[in-house]
Amino acid sequence: MMLPAAAGKYPGDVLWTMMVFFGLAVIWPRLGVMRLTVAALAISYAVEFSQLYQAPWINAVRAYPIGHLVLGSTFNWPDLAAYTIGALLAMLLELSIRRFAA
């Protein structure tokens, strides 16, 4: 792996939010960069806070690999910082792409 083990799972959290950002950009290509950033962050935070809800039916969904990848399993405050970094990196990358394409 290219990243040190000390980074833990946080690079994945950063990339997850970036994926949400660029997924939204594909769906709504004319949406402003700030709106994309806020939307990606809101979705990421909502998924993280949804992990506080531990009903049997949603835990059954989380037991499947795709459910675990999309919904996660355990709430973790530092994940919110990783999501914020991911949204900001995606925003900077999108601004760079838009400037280069213009």
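Heads up: these notes are all about the structure in this document. (Residues numbered from 1 in each chain as written. Predicted model: local features only at pLDDT ≥ 70, side-chain atom pairs only at ≥ 80, totals over all residues. Heavy atoms only, no water.)

Once that is clear, we can look at the packing of aromatic side chains. We describe a pair of aromatic rings using the distance from one ring centre to the other and the angle between the two ring planes. Evaluation of the coordinates by the stated rule reveals six aromatic pairs. Ring centres 5.0 Å apart and planes at 75 degrees place the aromatic pair F21 and F22 in the edge-to-face group. According to the relative accessible area criterion, F22 is partly exposed, its value standing at 24%. Counting every residue linked through ring pairs, the aromatic cluster contains F49, F75 and W77. (Phe/Tyr/Trp six-rings, centres within 6.5 Å; stacked < 30°, edge-to-face > 60°. Buried < 20%, exposed > 50% of the residue type's maximum accessible area, 1.4 Å probe, protein only.)

We now examine the packing of helix α1 (residues 10-27) against helix α5 (residues 77-101). Viewed as axis vectors pointing N to C, α1 and α5 meet at an angle of 45 degrees, and their least axial separation amounts to 7 Å. What the angle tells us is that α1 and α5 run oblique. Here α1 runs over α5; the crossing is right-handed. Contacts between α1 and α5 pair Y10, D13, V14, T17, M18, F21 and F22 from the former with P78, D79, A82, Y83, I85, G86, A87, L89, A90, M91, L93 and E94 from the latter. (Axes fitted to C-alpha atoms, helices over the stretch in contact; angles between N-to-C directions. Helix = DSSP H or I, 4+ residues; strand = E, 2+ residues; numbered from the N terminus. Parallel < 35°, antiparallel > 145°, perpendicular 65-115°, else oblique. Left-handed = near helix turned anticlockwise from the far one by under 90°. Contact = heavy atoms within 4.5 Å.)

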